[in-house]
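# Coordinates in review
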Amino acid sequence: MKIFLVGMMGSGKSTLAKMISKVLSIPYLDMDEEIEARENKTIKEIFEKNGESYFRDLESSLLKSLVKQPDSVVVATGGGIVLRPDNRELLKKETTIYLKVSPQELKKRVSTDNRPLLSNNIDNIFTIYDERINLYELFESVDITYLNEWEAVAIILQKVDYKKNLCIDSSFQKIHIEAGSLKNIPKNAIVFTSEKVDSLYGEFFTNKKLVFPNGEEVKDIVYVTKAWEYLLENNVTRKDLLCGVGGGTITDFTGFVGSTYKRGMNFIFYPTTLLGQIDAAIGGKNGIDFKKYKNVIGTINLPNEVIIDPITTLSLDDIRFREGLIEGFKISLISGGEFYTFFKDHLYDLLNRNLDTLTWFIKRSVEEKLRIVQQDFKDTGLRSYLNLGHSLGHAFEAVTGIAHGLSVGWGLYQELMYSQNKNHIDDRTLYDIISILDVLLPSSIKNIKVEKNALMNYLSNDKKMEGSNIIKLPLLKEPGEVIIKEIDYHELVNTLF
């Protein structure tokens, strides 16, 4: 695979090419840097001593050699690569992406250092932009003016021909992993999505869409009512298809609406967050919140299908991405064996968002959750293993408002401490697990202290309590071995705090 990034100076070609290189595990080359190394001169010196035409000859020669080579590479081209017709013809035959940035934004980003065409006048950026814009727009365009770097990487990779399809072998729930699948949402479907997801991927959705607020806010009966009204007003039948495209809040919400509208209609999930892909969209639990209590109203009903596009996880900010890793780490602790070993060995590949590693991680997380859920669909026994870290994590989330995945990490840490206090886990095993959790969970979260009464108040109303003071708490003895203990929640909280 070869990917060529074109665009104005300051559009981020070099930065994004390096990131894509790491994500795809293919080499990176910056054409300006390569020319400087070969000539042992800066771009500015080449222009001053040899002239622009000489530089353009070097640029064209290098491009020809890159196109001819058989190996994969992601290339940050020079801003003027599109000026020569021969270069444009070569680039049209390759995967070439134009990184579009407004000239006003470019002016903020660039300096005149080593920019001979700016001639120490930053306002020349507007003239150069006007001269080249029609040439850049001959190529597939991605407007990254208002995107952060990871969002830009995700959108770029949606435009290239990256293929990665993995089947999940399960007779229980239909799930498959397909890179770029967000581009193939059925044209006749109704789409429920969030403002953020729509801003990034809305070009792939049909006009029949309803856009909701970001985050947990959507899981409210007010928005459920709006969704029901929309479906009724548009004469949607049970046989029509409803697609939930977004993170876990959107898939939870879509599943609840799809399960209750006309007593159940066809619905599928396109989870776009890592946490959604390995947790919320898997297993059939759909729900909304009520009076600060998470998922206290809901259904257990499987979607027709779950379609996972791992590329979408690249667009997440660091917190949201870590949420998914923490959830996957929890699942690896329950699974043990090769999955736990894989997580330990590839922790930093995952943090760096290497797409091959990430895709395998998603597959194993989904398979392991399915293994548990299909044995206990109605959540009466084995499925409670998946609550590892969640009892205290949900309470912490309700009290602090901190993101779900990070709250589960906090809960997991506290429950490990309780397990050690009760001699359920040995010190060496605990050390190995905590050393990984310390990398995943910011210390600012782990060290937050909460008021005991606030935790107890939440735990007393937790849907898992079933009207008593006893909570069934999954505790880890070692990776691959979870035990369920019935514990008075007062004793749990008093032991820890």
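Going by the structure above, here's the rest.
What you see is a predicted model, and the numbers here were worked out from it, not measured in a lab. (Residues numbered from 1 in each chain as written. Predicted model: local features only at pLDDT ≥ 70, side-chain atom pairs only at ≥ 80, totals over all residues. Heavy atoms only, no water.)

## Considerations on the sheet that holds strand 14 (residues 305-308)
Pairing within the open sheet is mixed, and its seven strands lie in the order 6-7-14-11-10-8-9. The sheet is open, and its two borders are formed by strand 6 (165-167) and strand 9 (209-212), each paired with just one other strand. Taken over all neighbouring pairs, the strand axes of this sheet differ in orientation by 20° on average, direction set aside. Sheet topology note: the strand 8 (residues 190-194)/strand 9 ladder contains four bridges and is parallel. Directly across from Phe192, in strand 9, lies its bridge partner Leu210. Lying on the sheet, helix 11 (residues 248-260) is in contact with strand 8, strand 9, strand 10 (241-246) and strand 11 (266-271); it crosses strand 10 at an angle near 165°. This element, helix 16 (residues 355-373), spans strand 6, strand 7 (175-178) and strand 14 of the sheet and lies at about 175° to strand 7. (Pairing = 2+ DSSP bridges. Helix = DSSP H or I, 4+ residues; strand = E, 2+ residues; numbered from the N terminus. Axes fitted to C-alpha atoms, helices over the stretch in contact; angles between N-to-C directions. Contact = heavy atoms within 4.5 Å.)

## Let's talk about the environment of Val257
Assignment of secondary structure puts Val257 in helix 11. A relative accessible area of 0% means that Val257 is categorised as buried. Sequence separation between Val257 and Gly180 is 77 residues, and the spatial gap between their C-alpha atoms is 26 Å. The residues touching Val257, leaving out its near neighbours within four places in the chain, are Phe192, Val224, Ala227, Trp228 and Leu231. (Buried < 20%, exposed > 50% of the residue type's maximum accessible area, 1.4 Å probe, protein only.)

## Digging into the environment of Gly480
One can find Gly480 in the loop between strand 15 (470-478) and strand 16 (481-488). As a C-alpha pair, Gly480 and Phe361 span 119 residues in sequence and 17 Å in three-dimensional space. The residues touching Gly480, leaving out its near neighbours within four places in the chain, are Leu333, Ile334, Ser335 and Gly336.

## Regarding unusual backbone geometry
A positive phi angle is found at Asn235, which is not glycine, with a value near 55°. Within the element layout of this structure, Asn235 appears in the loop between helix 10 (221-233) and strand 10. Of note in the backbone geometry, Arg263 takes a positive phi value of approximately 65° without being a glycine. Structurally, Arg263 is set in the loop between helix 11 and strand 11. Classification of Arg263 by relative accessible area gives exposed; the value is 79%.

Read these as geometric descriptors, not functional statements.
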